[in-house]
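# What the coordinates show
This is what each chain is made of:
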Amino acid sequence: MKILGIETSCDETGVAIYDDKQGLIANQLYSQIKLHADYGGVVPELASRDHIRKTVPLIEAALTQANLKASDIDGVAYTAGPGLIGALMVGASIGRSLAYAWGVPAVAVHHMEGHLLAPMLEDNPPAFPFIALLVSGGHTQLIKVTGIGEYALLGESIDDAAGEAFDKTAKLLGLDYPGGAKLSKLAERGNVKRFHFPRPMTDRPGLDFSFSGLKTAAANTINQQKQDLDEQTKADIARAFEDALVDTLLIKSRRALDQTGFNRLVIAGGVSANKTLRGKLTQLMAERKGQVYYPRLEFCTDNGAMIAYAGMIHLKASQFADLAIEVKPRWPLSEL
Ligand code: KG4
Ligand code: ZN
């Protein structure tokens, strides 16, 4: 069985084909980063228009890459939410229409379930149950995962998401959007001892996060250093910010593991590409004699492969989208 997956929830157009026997057989990605860079963030209307231009050519490229015809496809999966409504509508309209025209089922996929299942595309996939730390531009969540569709939210950010905090702080440091990876690169040259930022909400029980204060701590330090904001000072601030954010994610992940007794940790979403986070969580799980799982780097950020994979699971379980083209800009994972 072969499924086409389409991702258009934000600023990447991703298209992939997944075969339940051969695995991933096509993967195409077009990033809109350059389009939005001048504006310092994603401009929703520009995003929608660019998805309209790129989605169909990428579907054709994916079919060519896998050496398939449209009639070889057994289902079409698309991201139905959460995300930008106009951007979602493009993928949903194209996906739903193709499924109708080809006479195959359409599958509406939850973007965060796509991220959560992305490590399943790797050679050594996690077994259930596990704790998932989902860290992206729009979400920071700890989820207790006991099976497909069994997602209990343990905690989440009450304000900025981890990726959003990275991007906002990067902007304050003069880095282009999206600045998460650039801030992390800058932090490599930073002195760990020069500045220290708080680990928000770690001194009280619970698994929720708050990152807006961390961004403010960075902003205040930048203002205080205004006269001497040289490259080294910027790197030192980036170091302190990344360490504080990563430590906070580590403390809460450890708490979620303690609370559930689980010993497998999955980290997914754009921020799971962060080297410091991967390093520290790998060390944590080694100390606990547990296992940690991440997607390969290109599947941490938004992509079509994770949507095709999640779509295949639902296709096999006969969970299809009805004929109406419906998207959900806000959609709690626990509703699945
Ligand atoms: O999952 P994703 O591609 O999109 C959403 O679903 O939001 O995540 C994008 C986020 C951005 O905020 C980006 O700056 C961040 O992931 N990101 C990183 C790194 N690579 C991507 N943040 C920190 N370190 C990185 N290496
Ligand atoms: Zn995402």
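Scroll up to find the structure.
The present account deals with the structure reproduced in this document. (Residues numbered from 1 in each chain as written. Chains lettered and ligands numbered in written order. Predicted model: local features only at pLDDT ≥ 70, side-chain atom pairs only at ≥ 80, totals over all residues. Heavy atoms only, no water.)

With that out of the way, let us pick up the sheet that holds strand β7 (residues 140–147). One open sheet accounts for 5 strands, arranged β8-β7-β6-β9-β10; its pairing is mixed. Strands at the two margins of the open sheet, each flanked by one partner only, are β8 (150–156) and β10 (291–293). Direction aside, the axes of adjacent strands within the sheet are offset by 25° on average. In this sheet, β10 lies alongside strand β9 (residues 264–268) in parallel orientation, the contact comprising 3 bridges. Along β10, the bridge assignment pairs Val266 with Tyr293. On the sheet, helix α9 (residues 275–287) packs against β6 (130–135), β9 and β10 and is oriented at approximately 175° with respect to β9. (Pairing = 2+ DSSP bridges. Helix = DSSP H or I, 4+ residues; strand = E, 2+ residues; numbered from the N terminus. Axes fitted to C-alpha atoms, helices over the stretch in contact; angles between N-to-C directions. Contact = heavy atoms within 4.5 Å.)

Listed as protein donors to the zinc ion (ligand 2) are His111 (NE2), His115 (NE2) and Asp302 (OD); their distances from the metal cover 2.0 to 2.1 Å. Between the donor residues of the zinc ion (ligand 2), the gaps in sequence give the motif H-x3-H-x186-D. Residue His111 is found in helix α4 (residues 111–117), and its partner Asp302 is found in the loop between β10 and α10 (305–316); the two are separated by 191 residues along the sequence. A single burial state applies to His111 and to Asp302, both of which are buried. (Donors = N, O, S within 2.8 Å, 3.2 Å for Na, K, Ca; no water. Buried < 20%, exposed > 50% of the residue type's maximum accessible area, 1.4 Å probe, protein only.)

This part is about the packing of aromatic side chains. Per the counting criterion, the structure on display carries 4 aromatic pairs. Plain terms: the ring middles of Phe166 and Phe241 are 5.3 Å apart, the flat faces sit at 85° to each other, and that makes the pair edge-to-face. Of this pair, Phe166 sits in helix α5 (residues 162–172) while Phe241 sits in helix α8 (residues 231–260), and the two are 75 residues apart along the sequence. Under the relative-accessibility criterion, Phe166 is labelled buried at 3%. Ring centres of Phe209 and Phe211 lie 5.8 Å apart, and the angle between their planes is 25°; on these two criteria the pair is classed as stacked. By relative accessible area, which is 0% here, Phe211 ends up buried. A cation over an aromatic ring shows up here: Lys54 above the ring of Tyr30, its NZ or CZ 4.1 Å from the ring centre. One cation-aromatic arrangement involves Lys252 over Phe209; the distance from NZ or CZ to the ring centre is 5.7 Å. (Phe/Tyr/Trp six-rings, centres within 6.5 Å; stacked < 30°, edge-to-face > 60°. Lys NZ or Arg CZ within 6 Å of the ring centre and 35° of its normal.)

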